[in-house]
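Observations on the model geometry
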Amino acid sequence: QGNEAQPEPVFTAPGGDVWFEVSELSWSKDGSRYAFATWERERDVLRIYAGKAEEGVKPELVLERRGNVGHEVVSSLAPKFTPDGKTLVAVLDEGGFRQPYVIDTEKKGVRPIVKGDFEAHNIVGFSNDSQHLYVLSNKGDFAAMNLFRVRISDGEMTALGVKGEYTRSAALTEDGRLAAVTSGNWAKRAELKLVDAAKPGDAKVITSGSHNPAWDDLNIIKPERTSFKNRHGDTIEAYVHAVATRAARRRVA
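Below or above, wherever it landed, is the structure these notes cover. (Residues numbered from 1 in each chain as written. Predicted model: local features only at pLDDT ≥ 70, side-chain atom pairs only at ≥ 80, totals over all residues. Heavy atoms only, no water.)

For the rest of this paragraph, the subject is the overall build of the protein chain. Of regular secondary structure, the protein chain possesses 2 helices and 19 strands. With the C-alpha coordinates aligned to their principal axes, the bounding extent of the protein chain is approximately 75 × 45 × 40 Å. In the protein chain, which comprises 253 residues, the proportion classed as buried is 35%. Here the contacts in the protein chain between residues at least 6 apart in sequence split such that 32% fall between residues at least 24 apart. Of the accessible surface of the protein chain, which amounts to about 15500 Å², a share of 49% is contributed by carbon and sulfur atoms. A gap of 8 Å separates the mean positions of the 35 positive and 36 negative side-chain charges of the protein chain. (Helix = DSSP H or I, 4+ residues; strand = E, 2+ residues; numbered from the N terminus. Buried < 20%, exposed > 50% of the residue type's maximum accessible area, 1.4 Å probe, protein only. Contact = heavy atoms within 4.5 Å. Areas by Shrake-Rupley, 256 points an atom, 1.4 Å probe, with all protein chains shown as cover. Lys, Arg positive; Asp, Glu negative; His and termini not counted. Charge placed at Lys NZ, Arg CZ, Asp CG, Glu CD.)

Here is the structure:
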């Protein structure tokens, strides 16, 4: 049995002294289809492929972009199939911000799911009915990162996490109803929280009090949120960290 012939590979890439990245395979829920992305740094070529899980059937090129599309791009692209296997979604930088797009694997075209000046580059998962995707985004607050439910058909976005907090990571249940997130901000330490998609903005703290109380003695400076306009008219979000004088620290102590 150990000497049986191995199947021929369905995808290969030339070696040599070049930078060639391949993303992890993303499978449809039924295991019949897969997708992945490649990046050739020296040639500035980005490609996304979609294939069928059949021996000898090579994956099809469904999207190609050329030019400087960013470093470590294949990990951000994260091409994924919706649970029904009918829609392929990937993160592209077509309009200056990394956002999810629907890729038509038949016509080889793309359609933006959301629009606006914000980042939405981390796809967390999909609803079980394939109607919504969940993504981390800084829409509405460049100093934060929230979990959003996005309707794929028209891009309607609903913030699910706590406003003003930075969500560092998130994991979704298979049915898309609940999400575990790690979020906090400069003035409040991050905690693990449970987010219910049916109750936007109402996150249940799971690890409350998990930090050593001794850290509270170091909380002399409490940063405050602010914003200002730069010379180009852009709104810059910021935190102000007021530096306490030695006398003030003695009074606090």
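Pairing is antiparallel in the open sheet, where 4 strands are placed in the order 14-15-16-17. The sheet is open, and its two borders are formed by strand 14 (166-172) and strand 17 (203-205), each paired with just one other strand. The mean angle between the axes of side-by-side strands here comes to 30°, regardless of whether they run parallel or antiparallel. Here strand 16 (residues 188-196) pairs with strand 17 via 3 bridges, running antiparallel. Bridging across to strand 17, leucine 194 finds its partner in lysine 204. (Pairing = 2+ DSSP bridges. Axes fitted to C-alpha atoms, helices over the stretch in contact; angles between N-to-C directions.)

Moving on: the nonpolar core. In globular proteins that are soluble, nonpolar side chains generally tend to be buried together. Core analysis: the biggest nonpolar cluster contains 17 residues, and Ile48, Val62, Val73, Leu77, Leu88, Leu92 and Ile103 have the highest contact counts within it. If you list the elements that add at least two residues to this core, you get strand 3 (33-40), strand 4 (45-52), strand 5 (60-66), helix 1 (73-77), strand 7 (88-92) and strand 8 (99-104). If sequence neighbours within four positions are ignored, leucine 92 has contacts with Ile48, Leu63, Leu77, Phe97, Arg98, Gln99, Tyr101 and Val110. One finds Val91, Val102, Phe126 and Met157 within the second-largest nonpolar core, a separate group that totals 15 residues. (Core = buried A, V, L, I, M, F, W, Y, C linked by side-chain atoms within 4.5 Å.)

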